[in-house]
Each structure stands twice: as structure tokens, then as C-alpha cells.
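Structural characterization, general
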Amino acid sequence: MGVTGTREPNGAGGSGGLTVARSPLWLRALPVVLLAVLIAAQAFTPGDVELGAYYAAVPPLAALAYAVAGTAVLSATVLVVMQLPLIGAGSLAASDTGAVALIGALSVVISWVRSRHVGRLVRVSTVAEAAQLAVLAPPPAVVGPVRCAALYRAAQRGTLVGGDLYDVRPCPYGVRALVADVQGHGLAAVGSVAALLGAFREAVLDLPDLGEVAGRLERRLSLDSAGNGDIELFATALLLEFPVGRAEVRVVCCGHPPALLVRDGRAREICSEPAPPLGMGLPGLPSPVAVTEPLLPGDLLLAYTDGVTEARDASGAFYPLADRLAARLKDGTPAAPGAVVDAVWEDLAGYAGAVADDVALLALAAR
């Protein structure tokens with residue numbers, strides 16, 4: 001987002017003390033290279049051929065790459081060079097020199113305006129990044145007895161948070177995790193993402209049954225949907241619970257892709273009782289029922305959103321997550337949360353190229 005790196009050359013103003021990424025090296029070199037090329041061309045050109053008009057291109061290029069001081073220095077250098085008889089430019093018309101001087105002055109003004117806009121953009125981008133990371137912070141590597149790793153890639157360019165979400169929380173009943181996919185993606189879905197995360201973080205502390213936690217999320221999304229007039233909000237969700245002192249995981253699935261259980265180099269789906277997505281508001285339905293899956297030492301669980309399995313290759317074939325993950329494990333990828341998340345994303349990016357939907361991955365392994 002352009003908010004890290006070194007300070008812009010010559011002190012780009014208006015950034016309020018924030019660092020601004022330097023212009024690319026090739027862009028900073030371009031006006032200098034152009035000036036050198038013009039000097040060489042003028043030196044080897046017959047005296048009756050004037051290249052003065054071309055010197056006028058240097059200051060605007062400098063304004064794109066440098067702040068005010070750098071642009072002013074390059075503009076002044078151009079004017080000095082144009083007066084040097086040594087390179088055959090001493091006979092330039094005064095009108096050429098005046099035009100280049102005017103263009104140089106305007107370039108300095110343009111550089112000043114650009115620097116102010118860059119500083120303002122940095123401030124806005126920094127605030128937006130901090131707000132988005134506050135909504136969806138990366139989980140710690142260890143939560144209680146569970147090792148964790150997560151990856152998130154938003155489909156909308158320039159955003160860190162879209163319509164997918166995950167969270168891992170310790171609670172009196174063990175460790176509980178959530179992976180969900182809110183209707184839509186991009187900044188428009190961030191409000192629903194924040195609401196669901198807030199409801200989840202409160203519910204895991206208060207409610208002993210995982211199905212009741214799903215019911216609390218359902219109520220939160222239904223209330224938000226009712227407050228948005230005709231806009232219907234819904235989300236698919238997968239909830240997992242690692243109970244205290246038990247080698248098992250409990251899973252509640254609300255219209256979400258099933259979790260994968262990775263064991264002995266293979267990956268299979270954990271079947272769960274079907275339940276409708278959150279926010280559908282279907283009357284008379286009981287709370288979702290949790291399915292219990294025994295765990296063995298070395299087991300790993302991978303939860304994900306449909307941005308993974310609905311990604312397509314050039315022929316239009318969907319990404320076969322379980323088969324591709326098993327192949328990666330066979331090729332030596334360790335069955336550890338961080339390694340699995342990285343391997344899946346690397347393989348998915350190579351399989352589908354540009355992924356058009358939000359993607360969330362959450363790998364969990366009991367210690």
C-alpha cells in the first residue's frame with residue numbers, strides 16, 4: 001500500500017512523519033539518463049542542428065520521480081547545460097532557454113503538489129490498514145494447546161479485509177475457531193465481518209455448546225439484515241472446538257465447505273450435519289449439531305473458504321484441494337500448520353493464476 005520503506009527523495013512533504021516508498025530506481029534514473037543522452041547527441045550533432053526543445057522533457061520527468069528539491073536541481077542543471085558552448089548548445093535561441101526555464105518552474109510546482117498528495121495518500125492508507133488489521137488480525141502461532149497458521153488474500157485490490165474471516169480463541173471449554181464467508185467481498189462486506197467476529201468472540205466465552213455459538217452468530221447476522229432494509233445478509237461458517245483434555249475436535253458446519261483432516265499424508269473431508277448458512281432466518285430450525293471427530297497425534301485440520309475450491313485453471317476445472325494437498329504432502333511438505341498453509345497457497349496460485357475471490361485458509365493442529 002506504499003506505506004513502508006524509506007522516505008521519499010528530498011523529503012516529500014505532507015506525510016506527517018510517515019515513511020513513503022521511494023520511486024522505482026528506473027524512474028529516478030530516467031531524467032538523468034535522458035539528460036546524458038541529449039548532451040551526447042548535441043556534442044556529436046552538426047552545429048546547425050539544435051536539440052534545445054528536447055531538453056524540456058527532463059524537468060517533467062524529474063517531477064514524477066523526485067520531490068521539490070530534486071526537481072529544482074535537475075531543472076537548473078538543464079538550464080546550465082543548455083548554455084555550455086562545449087557541447088554545441090551555446091547558440092540556442094533565447095526563446096528555447098526561456099521555455100525550458102518556464103517548464104522547469106512548472107515542474108517544481110507539480111512536484112510540490114504531487115508530494116502533498118502522496119503524503120495524504122500515505123496517511124489515509126495507514127489508517128485504513130490499521131483499521132483492517134484490527135478487524136482481522138493474524139492469529140498467534142499457538143493458542144492454548146493448538147498450533148495455528150492462517151492466510152488471507154482479499155480479492156479487491158488495495159484491501160486487506162474482504163468478505164472472508166477467521167478467528168481462533170481460547171475459552172473455558174477449550175479452543176474454538178471460526179472460518180466464515182460473508183455474502184459479497186471487498187470493503188462492502190467488512191461491516192458484516194466485524195459484526196460476526198465480535199459475536200463469535202463473545203459467544204465462545206459464554207456458551208458451552210458449539211451449536212449455540214452458531215445460533216448466536218445467526219442472530220447477529222439476522223439482526224443486521226433486518227436493519228438493512230431489503231438487503232439480505234448471509235454467511236457460510238465453519239466452527240471448530242478442541243475440548244479441554246480430549247483428543248478430538250467438534251465441528252459445526254453452516255453451509256460452508258467441510259474441513260479437511262490431514263492424517264498420514266492423506267487429506268479427507270470431515271462429514272458434518274448439514275445446516276443452512278447463517279442469516280437465512282429459517283423459522284423452526286434447531287441449533288446446528290456438532291459432529292465429533294477423534295484426533296490422533298500428528299493430525300492437522302485445514303479450514304478454508306470457497307475462494308480456494310472454486311478457483312479454476314485455464315481449462316475451467318475447479319481446484320481439487322484434497323488431492324493437490326495430498327500430492328504436496330507426498331512430495332515432502334511437512335504436516336505442520338504453517339507449511340500446509342504456504343503450500344496450498346503456492347499451489348493454488350500456480351494452478352489458477354489470478355484468484356478472483358477472497359481466499360482464507362486456517363490450519364490447526366493439537367500439540
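Quick caveat: nothing in here was measured; it's all calculated off a predicted structure. (Residues numbered from 1 in each chain as written. Predicted model: local features only at pLDDT ≥ 70, side-chain atom pairs only at ≥ 80, totals over all residues. Heavy atoms only, no water.)

1. Focus on the overall build of the protein chain
Along the protein chain, the regular secondary structure elements total ten helices and eleven strands. Pairs at least 24 apart in sequence give 67% of the contacts found in the protein chain among residues at least 6 apart. Surface summary for the protein chain: the accessible area is close to 17,300 Å², and the carbon and sulfur share equals 63%. (Helix = DSSP H or I, 4+ residues; strand = E, 2+ residues; numbered from the N terminus. Contact = heavy atoms within 4.5 Å. Areas by Shrake-Rupley, 256 points an atom, 1.4 Å probe, with all protein chains shown as cover.)

2. With respect to the sheet that holds strand S4 (residues 174-182)
One open sheet accounts for five strands, arranged S3-S4-S5-S6-S9; its pairing is antiparallel. Looking at the sheet topology across the chains shown, the edges are occupied by strand S3 (164-171) and strand S9 (291-294). Pairs of neighbouring strands in the sheet enclose a mean axial angle of 20 degrees, with direction left out of account. In this sheet, strand S5 (residues 235-243) lies alongside S4 in antiparallel orientation, the contact comprising nine bridges. Along S5, the bridge assignment pairs Leu178 with Leu239. Contacts from helix H6 (residues 190-206) reach S3, S4 and S5 within the one sheet, and its direction differs from that of S3 by about 15 degrees. (Pairing = 2+ DSSP bridges. Axes fitted to C-alpha atoms, helices over the stretch in contact; angles between N-to-C directions.)

3. Examining the pattern of salt bridges
Evaluation of the coordinates by the stated rule reveals eleven salt bridges. A salt bridge links Glu241 to Arg250, with the nearest nitrogen and oxygen atoms 2.9 Å apart. Using a relative accessible area of 22% as the deciding quantity, one classes Arg250 as partly exposed. Two residues, Asp347 and Arg328, come together in a salt bridge whose shortest N-O distance is 3.8 Å. Note that Asp347 is positioned in helix H10 (residues 337-352) and Arg328 in helix H9 (residues 321-330), a separation of 19 residues in sequence. Three or more residues joined by partner-sharing salt bridges are found here, namely Arg176, Glu241, Arg246, Glu248 and Arg250. (Salt bridge = Lys/Arg side-chain N within 4 Å of Asp/Glu carboxyl O. Buried < 20%, exposed > 50% of the residue type's maximum accessible area, 1.4 Å probe, protein only.)

4. Some remarks on the sheet that holds strand S2 (residues 146-153)
In a beta sheet, neighbouring strands pair by backbone hydrogen bonds and run either parallel or antiparallel. What the six strands build is an open sheet, ordered S1-S2-S11-S10-S7-S8; its pairing is antiparallel. With partners counted over all chains shown, the strands left at the sheet margins are strand S1 (142-143) and strand S8 (266-269), one partner each. Note: S1 against S2, two bridges, orientation antiparallel. Within S2, the residue paired with Val142 across the bridge is Arg147. Those strands touched by H9 are strand S7 (260-263), S8 and strand S10 (300-304), and its axis lies near 20 degrees from that of S7. Helix-sheet contacts for H10 involve S2, S10 and strand S11 (359-366), and the interaxial angle to S2 is about 25 degrees.

5. Section: the packing of helix H1 (residues 25-43) against helix H3 (residues 58-65)
Axis angle and axis distance: for two packed helices, these are the angle between their axes and the distance between the axes, and together they describe the pair. Look at H1 against H3: their axes get within 7 Å of each other, and the N-to-C directions meet at 165 degrees. By the angle class used here, H1 and H3 are roughly antiparallel. Both H1 and H3 take part in a crossing whose hand is left-handed. Mapping the contact onto sequence places Leu27, Arg28, Leu30, Pro31, Leu34, Leu35 and Leu38 in H1 and Val58, Leu61, Ala62, Leu64 and Ala65 in H3. For the contact of H1 with H3, the class distribution of residues is eleven nonpolar, no polar and one charged. (Parallel < 35°, antiparallel > 145°, perpendicular 65-115°, else oblique. Left-handed = near helix turned anticlockwise from the far one by under 90°. Nonpolar A, V, L, I, M, F, W, Y, C, P; charged D, E, K, R; others polar.)

6. Examining the side chain of Glu241
Summarising the element assignment, Glu241 is placed in strand S5. The exposure class of Glu241 is buried, given its relative accessible area of 1%. Of the polar contacts made by the side chain of Glu241, one reaches the side chain of Arg176; its length is 2.6 Å. When near neighbours in sequence (up to four residues on either side) are disregarded, Glu241 contacts Tyr173, Val175, Arg176, Pro208, Leu210, Glu248, Val249 and Arg250. (Polar contact = N/O pair within 3.5 Å; in protein donor to acceptor, adjacent residues only side chain to side chain.)

7. Some details on the nonpolar core
Leu165, Leu239 and Leu240 are the most contacted members of the largest nonpolar core, which has 53 residues in total. In terms of nonpolar packing, the next biggest core, distinct from the first, is built from 24 residues, Val308, Val341, Leu348 and Tyr351 among them. (Core = buried A, V, L, I, M, F, W, Y, C linked by side-chain atoms within 4.5 Å.)

8. Section: the state of the cysteines
With the rule as written, the count across this model stands at zero disulfides. For Cys253, which is in no disulfide, the shortest distance to another cysteine sulfur is to Cys254 and amounts to 6.7 Å. (Disulfide = S-S within 2.5 Å.)

9. Examining the pairing of S7
The pairing of S7 with S8 spans four bridges and is antiparallel. Residue pairing for S8: Val262 is matched across the bridge by Ala267. In this structure, the hairpin formed by S7 and S8 is closed by a connection of two residues, where Asp264 is found at a positive phi of approximately 55 degrees. Summarising the sheet, S7 and S10 pair through three bridges and their orientation is antiparallel.

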